[in-house]
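Secondary and tertiary structure notes
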Amino acid sequence: MEKTLELFILIPIAGFIVSLLIPQKNEGLLSKSAFLTIGIHLASAITFLGYWLLNNHPILNLKDIVIFKTSDYEFFIDFCFDNITAVYLVVGALLTFLVTVYSRVYLHKEHGYKRFFNAILLFYLGYTIIIFSGNLETLFIGWEILGVSSFLLIAFYRERYLPVKNAVKVFSIYRIGDLGLILAMWLSHHLWHENITFLKLNNYELVHEHLATHSTIGVLISLFILLTAVAKSAQLPFSHWLPRAMEGPTPSSAIFYGSLSVHIGVFLLLRTFPFWEHQLSVRILIVIIGLSTSIIASVTAHVQSSVKSQIAYASIAQIGLIFIEVSLGLKHLALFHFSGNAFLRTYQLLVSPSVVSYLIKEQFYKFSPQIQHTQNTFYNKIKNSIYVLCVKEWNLDTAMYRFLWNPLKSAGNKLNFKNNKQITLFFSLLFTTGVICLLIEKYIPAYIHNLLPPLFSIVGLIMVLKSFTERKNVQLSWILIIANHFWIGLAISFNEHFTINDTLMYLSGIFICGVAGVICLFYLQSKESNVGLNRFYGHIYEYPKLAIIFLIC
């Protein structure tokens, strides 16, 4: 039965590859390909679920592919199936199938018809990998696929400024979630000294034994998991990104931000519940975040001028309640609540264009002005203050800029690398010194040796900050990103004592994609007079093949 789990991953992969090969003009074949892929997946899910229930619904775990192995550690792909996966599988397959059928007609004659179905199939592949993941490493693979497809669908109308800007904004919030997930994986490796699976987390004695002697690391892992879930499910203080993600087509908004993608944070909490269920402080924090998000999102939804924003905040409020249910250990109620919220928000978003047209008609033909009250009471002052805060969405977007992005921009702007030659010389000299230190590592005094990994990591961080704020020189920004990876590789070589082959394996992909990206930029600059990073301008319409290559890089 375990080997059947591979089938649920292979079907979306095959459908996505077939969709890539179909010509853009052939709308019928494109929609049928997506329709059949999701339909076969849904039929397989229902059949497998029936067989699984008849066999007393055992917890399945499949250790599939070993990607990297050393004497101390093994990195492998692992798949798991239990009641959590079953609910997310059936709900996800059914809703994606309905949205696919809806989109066949809704997007007829749309210029990006092929792009839409390619992105939907890519999203469904990432979603399937996430819900079947048996460890954090496998989950992270699907997590990244989901993030990329989300970015592509938000920026679907890429000829307009606002969708592209909001896509970048949402993608940046996703990176915060990625940061939490990566740090949780890193600390879990130090805690367990192995690639821990979700199945092993159900072993209370094993978890208790490790947390009893490493309680601080356990709390940190739980907090990073919570950060990841909060960012992905648009809970406070990240609630502002979900309404901005509605810039894409209505079907993608329904399947992404109304039903499936926005509930992945809940899935992460459910999957890791056995790890943090005995950490009272973490459970109280989840309740506080969920309750405050529900209250703020509920009142904010009532003053939104856009129907999509109203639905987005209503969904955020319900997810806050689901967070509370998970924290209280009501996992079955949380799964039931997820299913109901997902179906409701999908329905609301799909019918929202019709609802808006009916409301506009009623406004013209049945308009009746409300009686205005001007009593200057304390109650009215409080109500009006809350109203203004809700209209401004509690200034969450402004606070994010003020306390997160602006400090990073300020730090990057103080690093004055003027041109490519200077940064290349700077990188070459310092990196050569670092390599020499690595070669003579055994002769370096211990107190100096302990300082080298943080030093090299700080140099890599400096390059990231400068790349983040670079707006005029695209090539410099790209070179700084590549250089950062080399510095991190050098820092880890000192810290974890990897062999030179391990480091070269990591840097090989960075080097190949980095060089290919530089070639793409040189070619683009030879064709275009102005290539910059301001105002979210792109060149994908003029150079579609070059854009795909650079996106992969």
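Right above here is the structure, for reference.
First, a word on what this report is: a plain description of the structure on this page. (Residues numbered from 1 in each chain as written. Predicted model: local features only at pLDDT ≥ 70, side-chain atom pairs only at ≥ 80, totals over all residues. Heavy atoms only, no water.)

**Considerations on the overall build of the chain**
Using the following cut-off: We count a stretch as a helix when DSSP gives it H or I for four or more residues in a row; a strand needs E for two or more, and each element gets its number in order from the N terminus. Here's how the labels work: a residue is buried when its accessible area is under 20% of the maximum for its type, exposed when over 50%, partly exposed in between, all with a 1.4 Å probe on protein chains only. Using a 1.4 Å probe, the Shrake-Rupley method yields the accessible areas, and only the shown protein chains count as cover for residues. In this count, Lys and Arg are taken as positive residues and Asp and Glu as negative ones, while His and the chain termini are left out. Where a charge sits is defined by one atom per residue type, namely NZ (Lys), CZ (Arg), CG (Asp) or CD (Glu).
Summing up its helical and strand segments, the chain has 24 helices and two strands in all. Along the first, second and third principal axes, the C-alpha set of the chain runs to 85 × 65 × 60 Å. Here the chain holds 553 residues, and 48% of them are scored as buried. Put simply, the chain shows about 27,700 Å² of open surface, and 67% of that area lies on carbon and sulfur atoms. The average position of the 39 basic charges and that of the 28 acidic charges among the side chains of the chain differ by 14 Å.

**Re the packing of aromatic side chains**
We apply this condition: For Phe, Tyr and Trp, where Trp contributes only its six-membered ring, two rings pair if their centres lie within 6.5 Å, and the inter-plane angle classes them as stacked under 30 degrees, edge-to-face over 60, or tilted in between. The criterion is that NZ of a Lys, or CZ of an Arg, lies within 6 Å of the ring centre and within 35 degrees of the ring normal, and then a charge sits over that ring.
Applying the stated criterion to the full structure yields 24 aromatic pairs. Look at Y88 and F338: their rings are 4.0 Å apart centre to centre, the planes differ by 10°, and that puts the pair in the stacked class. Highlighted residues: Y88 in helix 3 (residues 83-106) and F338 in helix 16 (residues 331-365), separated in sequence by 250 residues. Between F156 and Y157, the ring centres sit 5.0 Å apart and the planes meet at 85°, which makes this aromatic pair edge-to-face. Considered together, F156 and Y157 belong to a single accessibility category, that of buried residues. Over the ring of F35 we find R104, and its NZ or CZ is 5.1 Å from the ring centre.

**Things to note about the pairing of strand 1 (residues 60-69)**
As a reminder, the rule being used: For two strands to pair, DSSP has to find at least two bridges joining them.
Both strand 1 and strand 2 (residues 74-81) contribute to a ladder of eight bridges, which runs antiparallel. By the bridge assignment for strand 2, I65 is matched with I77. Joining the antiparallel neighbours strand 1 and strand 2 is a turn of four residues.

**Examining the nonpolar core**
Defined as follows: Side-chain atoms within 4.5 Å link the members of a nonpolar core, which is a set of buried Ala, Val, Leu, Ile, Met, Phe, Trp, Tyr and Cys residues. By definition in these notes, contact holds between two residues if any of their heavy atoms fall within 4.5 Å.
Counting residues in each nonpolar core, the largest one holds 120 residues, and the members touching the most others are F81, Y88, Y127 and W241. Here this core takes 15 residues from helix 4 (residues 113-132), the largest share from any one element. When neighbours within four sequence positions are excluded, Y88 is seen to be in contact with Y127, I131, H263, V266, F267, L270, L335 and F338. Counting 27 residues, the second largest nonpolar core, distinct from the first, contains I482, F486, C520 and Y543.

**Considerations on a nonpolar patch on the surface**
Counted only if it meets this: Exposure above 30% relative accessible area and the absence of a salt bridge qualify a residue for a patch, where like charges join within 9 Å and nonpolar side chains (Val, Leu, Ile, Met, Phe, Trp, Tyr) within 5 Å. By definition here, a salt bridge exists when the distance from a side-chain nitrogen of Lys or Arg to a carboxyl oxygen of Asp or Glu is within 4 Å.
Among the surface-exposed residues, L10, I13, I17, L20 and L21 lie close enough to one another that they form a single nonpolar patch of about 470 Å² accessible area. Within the secondary structure layout, L20 lies in helix 1 (residues 5-21).

**Quick notes on the packing of helix 1 against helix 4**
Quick reminder of the rule: Interaxial angles span 0 to 180 degrees and are taken between N-to-C directions of axes, which are lines fitted to C-alpha atoms, for helices over the stretch in contact. Comment on the angle field: the value is read as roughly parallel under 35 degrees, roughly antiparallel over 145, roughly perpendicular from 65 to 115, and oblique elsewhere. Crossings are assigned a handedness: left-handed for a near helix turned anticlockwise from the far helix by less than a right angle, right-handed for a clockwise turn. Three categories are distinguished: nonpolar for Ala, Val, Leu, Ile, Met, Phe, Trp, Tyr, Cys and Pro, charged for Asp, Glu, Lys and Arg, and polar for the others, with Gly belonging to the last.
One way to put it is that helix 1 packs onto helix 4 with a least axis distance of 9 Å and a crossing angle of 165°. One element, helix 1, and the other, helix 4, form an angle in the roughly antiparallel class. For the pair helix 1 and helix 4, the crossing hand works out as left-handed. In this structure, helix 1 contributes L5, F8, I9, P12, I13, G15, F16, S19, L20 and L21 to the contact, and helix 4 contributes K114, F117, N118, L121, L122, Y124, L125, T128, I129 and F132. Taken together, the residues of the contact of helix 1 with helix 4 break down into 15 nonpolar, four polar and one charged.

**Section: helix 23 (residues 500-527)**
Put simply, the test is: Here the expected span of a helix is defined as 1.5 Å times the quantity of residues minus one. At every residue, the bend is computed as the angle between two fitted axes, covering the seven residues ending there and the seven beginning there respectively.
An ideal rise of 1.5 Å per residue puts 40 Å on 28 residues; helix 23 measures up with 40 Å between its terminal C-alpha atoms. L507 marks where helix 23 bends most, by close to 30°. Taken residue by residue, helix 23 has T503, L507, I510, G514, G517, C520, L521 and L524 as its buried positions.

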